[in-house]
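Survey of secondary and tertiary structure
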Amino acid sequence: MATTITNAEAMAVDLRGESDWTAFDAPALVGSSLRFVSGDPQGDRFRVRYYRDAAQQLKARVWFGPETEGPPGHAHGGSIAAVLDEVLGLSGWAAGHAVVVANLNVSFRNLLPLQTVVTVESEVVSINGRKVLVKGRVCSGSAIYAEAECLCIAIGQPKTSVAG
Ligand SMILES: CC(C)(COP(=O)(O)OP(=O)(O)OC[C@H]1O[C@@H](n2cnc3c(N)ncnc32)[C@H](O)[C@@H]1OP(=O)(O)O)[C@@H](O)C(=O)NCCC(=O)NCCS
Ligand SMILES: CCCCCCCC(=O)O
């Protein structure tokens with residue numbers, strides 16, 4: 001019997017990282033609860049693959065599928081914010097802090113065409129008591145789609161970070 005596949009399922013989406021990145025296993029660090037953004041790797045919304053770069057900062061390759069649409073042909077701002085929320089919060093965890101996101105400030109710089117694979121970069125820029133400040137951006141080559149600053153607050157004991 002023939003199997004029905006949607007256009008998006010049939011689509012090859014290249015989420016490979018750079019040669020000096022290593023795969024990062026998010027569920028191994030935080031559990032399997034992060035389903036909203038990265039829980040459907042064959043879906044029509046987001047497809048996400050996590051890495052650490054050579055400086056050990058968390059990076060993600062993210063495909064914005066047809067179901068992230070907001071303005072015609074482009075990603076909904078909330079979908080971009082959701083991706084930044086997860087990646088930057090997870091970046092705090094990857095740096096060893098058991099955090100939740102308290103404040104996320106996003107600047108949308110350019111419309112993001114649907115079915116684009118972007119890189120989400122993150123950098124932990126300061127740690128002040130329970131406050132872990134993470135900056136990040138959504139980009140592809142020289143194109144910057146969004147930039148964000150994320151205040152994470154530690155709610156538990158520091159976690160041993162995992163290499164991938
Ligand atoms: C973030 C959260 C844990 C903070 O609550 P708390 O543990 O009681 O901590 P406090 O309110 O004492 O805040 C701790 C510090 O962070 C600061 N802070 C907390 N939220 C902040 C915010 N939104 N913006 C700026 N600073 C904030 C406080 O001012 C405080 O700073 P201080 O130590 O210099 O006084 C709580 O508000 C929360 O659970 N929010 C929901 C988080 C969430 O649902 N995120 C999305 C899913 S990850
Ligand atoms: C348990 C890992 C938390 C990572 C950040 C999630 C961001 C959010 O839910 O808003």
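Residues numbered from 1 in each chain as written. Chains lettered and ligands numbered in written order. Predicted model: local features only at pLDDT ≥ 70, side-chain atom pairs only at ≥ 80, totals over all residues. Heavy atoms only, no water.

Under an unreviewed UniProt entry, the name given to the protein is Acyl-coenzyme A thioesterase THEM4, and the source organism is Pelovirga terrestris. Quoted verbatim from the Sequence similarities (unreviewed entry) field of UniProt, the annotation for the protein is "Belongs to the THEM4/THEM5 thioesterase family." (UniProt positions renumbered as here; feature names shortened; annotations may be inferred.)

This next bit is on unusual backbone geometry. Peptide bonds are mostly trans, and most non-glycine residues show a negative phi. Of note, Gln 56 is a non-glycine position whose phi angle comes to about 75°, a positive value. Of note, Gln 56 is situated in the loop between β2 (46–52) and β3 (58–64). (Helix = DSSP H or I, 4+ residues; strand = E, 2+ residues; numbered from the N terminus.)

Turning our attention to the site of ligand 1. Ligand 1 sits among Val 100, Val 101, Ala 102, Asn 103, Arg 130, Lys 131, Leu 151, Ile 153 and Ile 155. In the environment of ligand 1, an oxygen atom lies 2.6 Å from a nitrogen or oxygen atom belonging to the side chain of Arg 130. Note that an oxygen atom of ligand 1 is positioned 2.8 Å from one of the side-chain N or O atoms of Lys 131. Coverage of ligand 1 by the protein chains reaches 36% of its 940 Å² of free accessible surface. Among the elements of the structure, β4 (99–108) and β7 (143–154) are those that each provide at least two residues to the shell around ligand 1. Broken down by element, the residue count for the shell around ligand 1 peaks at four residues, all from β4. Of the residues assigned to the shell around ligand 1, the class counts are six nonpolar, one polar and two charged. (Near = heavy atom within 4 Å. Polar contact = N/O pair within 3.5 Å; in protein donor to acceptor, adjacent residues only side chain to side chain. Areas by Shrake-Rupley, 256 points an atom, 1.4 Å probe, with all protein chains shown as cover. Nonpolar A, V, L, I, M, F, W, Y, C, P; charged D, E, K, R; others polar.)

Turning next to the nonpolar core. By size, the foremost hydrophobic cluster in this structure holds 38 residues, and its most contacted members are Tyr 50, Phe 64, Leu 84 and Val 120. Contributing elements (two or more residues each) for this core: α2 (26–30), β2, β3, α4 (77–94), β4, β5 (116–128), β6 (131–140) and β7. With sequence-adjacent residues up to four places away left out, Val 120 is seen in contact with Leu 58, Lys 59, Ala 60, Val 62, Val 83, Leu 84, Val 87, Arg 137 and Val 138. (Core = buried A, V, L, I, M, F, W, Y, C linked by side-chain atoms within 4.5 Å. Buried < 20%, exposed > 50% of the residue type's maximum accessible area, 1.4 Å probe, protein only. Contact = heavy atoms within 4.5 Å.)

Geometry of an aromatic ring pair is reported as the spacing of the ring centres plus the angle between the planes. On inspection of all chains with the given rule, the structure shows two aromatic pairs. Each ring, one from Trp 21 and one from Tyr 51, has its centre 5.4 Å from the other, and the planes form 50°; the classification is tilted. Separated by 30 residues along the polypeptide, Trp 21 in the loop between α1 (7–10) and β1 (22–23) and Tyr 51 in strand β2 bring together distant segments of the chain. Each of the two residues, Trp 21 as well as Tyr 51, counts as buried. Aromatic side chains Phe 46 and Phe 64 sit 5.6 Å apart centroid to centroid with 85° between the ring planes, which places their arrangement in the edge-to-face category. Here the residue Phe 46 occupies a position in strand β2, and Phe 64 occupies one in strand β3, the gap between them amounting to 18 residues. Each member of the pair, Phe 46 as well as Phe 64, carries the same accessibility label: buried. The residue whose ring lies beneath Arg 47 is Trp 63, and the NZ or CZ to ring-centre distance is 4.4 Å. (Phe/Tyr/Trp six-rings, centres within 6.5 Å; stacked < 30°, edge-to-face > 60°. Lys NZ or Arg CZ within 6 Å of the ring centre and 35° of its normal.)

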